[in-house]
Amino acid sequence: MNKKYTVFISSTYKDLVKERQKVIDVVLQSDCVPVGMEYFNAADDEQFEIIKRLIDDCDYYILIIGGRYGSLHPDTGISYTEMEYDYAVEQGIPVLVFVHSDIALFPDCKRDNETTLFEKLEVFKQRAMNNRMAKMWDTHEKLLVGVVVSLLNAKNDYDRPGWIRGTNIENENLSKPEIDINKMKEIDFTYSYLSQNMQTGYIAKGNIKGKLDEAFESVALKTHGIITFNQIGQAFLEITRTITKHFAPLWSMSISDTEIIKAISQMIAFDLLEYYENNNEQGFRLTEKGLKIRNELVIPKS
């Protein structure tokens, strides 16, 4: 069944604008619809009632905790962010929590230095992390990877209503087709890049267009056990340099985190990659299907 799920993204706002935007992009890449308070002032009872109605209609709730507790309700002394969290829990909505591991890394303007607020933040963290899918983050990379993996697990673990396009209802009982090399050769795979000529300053933006089998092969050949987020990004940089002929050191090239997440999400969705975490080791590895297809790609059939 090809469902779309709505995801409410909750956090303090001004201090986490960049993080929120990246998470919104990742939620979209995960084939979900993000909902947030970008256009609302949560520190207002009337607006908060609107936000509660938005939460009611969501399938999952993402809470991002950084270095600030947030604006306080004048009567309860509880932050509006914590009130959103409490409401989502009350409604039985699956909550995915992402807590920054070291708020000392934030500049003063993005963290609470007042003792009372700091203590409230610490208590809120412990409440939010208790018996829930909680992950720690200290970089955008860890946050984005955590969101992708947690959403994938939540979809598998919780049967949520979601929604289906009317044109797809008649096909809702069809199972997802198995993917093989021939199918991968038919699936478009596109990502964007930014390149700058270090001599002239000229900036080139573009898209690399190919097929899923080519993209997967470039990642699979680098995967010997565990492959990290950065290594996957490096694999796509190498493809991009080869196609564009923008080689270092003449050209400085970058691919955004969200573009890399898009690639990872697609490979996870087709059961080619899976997330792996053990103690301090975090990354991705080929699934059984991924290993089989890699061997078929790199070992010619006799």
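Use the structure listed above.
What comes next is a walk through the structure. Everything numeric here is computed off the predicted structure, so don't read it as measured data. In this numbering scheme, every chain counts its residues from 1 along its sequence in written order. Only residues with pLDDT of 70 or above have their local features reported here, since the model is predicted, and side-chain atom pairs are shown and tallied only from 80 upward, although totals for entire chains, interfaces and linings are computed over all residues. Note that the side-chain values use all heavy atoms of the structure and ignore hydrogens as well as water.

Counting buried residues along helix α3 (residues 80-90), nine of its eleven residues qualify, which places the element largely inside the surrounding structure. Each residue's exposure class comes from its accessible area (1.4 Å probe, protein chains only) as a fraction of the maximum for that residue type: buried when under 20%, exposed when over 50%, partly exposed otherwise. Numbering of helices and strands runs from the N terminus, with a helix taken as a DSSP run of H or I at least four residues long and a strand as a DSSP run of E at least two residues long. Every buried residue belonging to α3 is among Tyr80, Thr81, Glu82, Met83, Glu84, Tyr85, Asp86, Tyr87 and Ala88, and all of these are buried. Only heavy atoms enter the contact rule, under which two residues are in contact if any of them lie within 4.5 Å. Residues of α3 that are buried sit in contact with β1 (5-10), α2 (45-56), β3 (60-65), β4 (95-100) and α4 (115-129).

Turning our attention to the pattern of salt bridges. We count a salt bridge whenever a side-chain nitrogen from Lys or Arg sits within 4 Å of a carboxyl oxygen from Asp or Glu. In the structure shown here, the tally under the stated rule is 13 salt bridges. Between Arg68 and Asp112 there is a salt bridge, with the nearest N and O atoms lying 4.0 Å from each other. Here Arg68 is found in the loop between β3 and α3, whereas its partner Asp112 is found in the loop between β4 and α4, with 44 residues between them in sequence. Overall, the relative accessible area of 31% leaves Arg68 in the partly exposed class. On the basis of relative accessibility, which here comes to 9%, the residue Asp112 falls in the buried class. For Arg127, the salt bridge goes to Asp86, with nearest N and O atoms at 2.8 Å. A residue pair is termed long-range when its members are at least 10 positions apart, and Arg127 in helix α4 and Asp86 in helix α3 qualify at 41 residues.

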